Amino acid sequence: MPSRPFRRACRVGWALLAACALAGCESDPWAMPGDAGPVADAPTPARSGSPIVAYLDGQPLRRDALWPALTEASGQTVFDEFVLDAALRRRLERRGLTLAAPQIADELSRLSDALSDDPDQAARLLVELRQRRGLGDDRFDRLLRRNAGLRLLVREDAELEPAQLEAQARRAFVREFGPTFRVRLLTADTPGRARQLRERVLRGEAFADVAATASTDVSRAQGGLLAPINPLDTTYPQVLRDALPKLDPAINAGLSPILALPGGYAVVQLLEAIPARDVAYEDVRNRLLSEVRRGNQRLLMEQLARALRDETDVLVTDRELGRAWKR
């Protein structure tokens, strides 16, 4: 089971996913070995003359023989990165902005902070992340530059007014330290089916058994048991979060009414209302303010990345890459 810091890092989509030496960066941080211009400018070598990349029982294996399979496996992801890199480079040029090596190096510090306070543990997790995400030196180097470029472009818009910043930090405090609810969940495709399952629990069947055998949610593997839910946790539907404070384990077995969720219907059973943790806001205020700033910046970076991809005119001339891109 991956460690908690590792799982947390996997959720940080803006973070860099590996570590490498930056001392040798070129004077132009966007220049790459063999970088001759826009993504589509590089010609595809003739299949008959492509380089030999390996020998199998003495027989040569050429690069073009691997191209269709490699493209099918990860071509869309890698090509998407090249499209974004080209669009980002153009936007920086139009804005008269230039990346510097210290800005790129700062991305490593951000990832280390997200992974662990222990430098040794952070370094180990960085290696594990690179392996899991298939990030070699080239893709990692581009990722460094990409995040630094996006951050440079959004830095002014990411600044929040003091009142906004404080309000968001207080909301983050409630999410992290406020009261939570431990519940079980079962879901069904129709309200009628959800009602039948709810009646079975009211007649005395264990909720965990009904969820394990009849629920359509993946939580059925643990009898519908969920991690404690905070009412401000937007990863759960609003209708479910609104229902939790109204439930009482001593009334109707702690069952909710039928809840209409995106894609189905649900019943939750309240097991326990967990009080807020005994933490003073002022003791964690500075950390929360920093996290809110980073989160707002990360959101704007993700929005800009999507906009840059959408505004790029892409014409794919290779058949295998075209298929992967359409997927």
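Scroll up for the structure.
Residues numbered from 1 in each chain as written. Predicted model: local features only at pLDDT ≥ 70, side-chain atom pairs only at ≥ 80, totals over all residues. Heavy atoms only, no water.

Our next topic: the pairing of strand β5 (residues 264-274). Across nine bridges, strand β3 (residues 180-188) lies against β5 in antiparallel orientation. Considered in β5, the bridge of Arg 184 is made with Gln 269. Pairing analysis gives three bridges linking strand β4 (residues 259-261) to β5, with the strands arranged antiparallel. Across the sheet, the residue bridging to Leu 259 is Ala 266, located in β5. (Pairing = 2+ DSSP bridges. Helix = DSSP H or I, 4+ residues; strand = E, 2+ residues; numbered from the N terminus.)

Read across the sheet, three strands follow the order β3-β5-β4 without closing on themselves; strand pairing throughout is antiparallel. Looking at the sheet topology across the chains shown, the edges are occupied by β3 and β4. The mean inter-strand angle of the sheet, taken between neighbouring strand axes irrespective of direction, is 45°. Across the sheet, helix α8 (residues 207-214) is in contact with β3 and β5; its angle to β3 comes to roughly 45°. (Axes fitted to C-alpha atoms, helices over the stretch in contact; angles between N-to-C directions. Contact = heavy atoms within 4.5 Å.)

On to the pattern of salt bridges, then. Per the stated rule, a full pass over the model turns up 18 salt bridges. Two residues, Glu 107 and Arg 151, come together in a salt bridge whose shortest N-O distance is 2.7 Å. In this pair, Glu 107 sits in helix α3 (residues 101-115) while Arg 151 sits in helix α5 (residues 137-154), placing the two residues 44 residues apart along the sequence. The exposure class assigned to Glu 107 is buried, which follows from its relative accessible area of 2%. Residue Arg 130 pairs with Asp 137 through a salt bridge whose shortest N-O separation is 2.9 Å. The class for Asp 137 is exposed, based on a relative accessible area of 58%. Each member of the salt-bridge network shares a partner with another, and the members are Asp 85, Asp 138, Arg 142 and Arg 146. (Salt bridge = Lys/Arg side-chain N within 4 Å of Asp/Glu carboxyl O. Buried < 20%, exposed > 50% of the residue type's maximum accessible area, 1.4 Å probe, protein only.)

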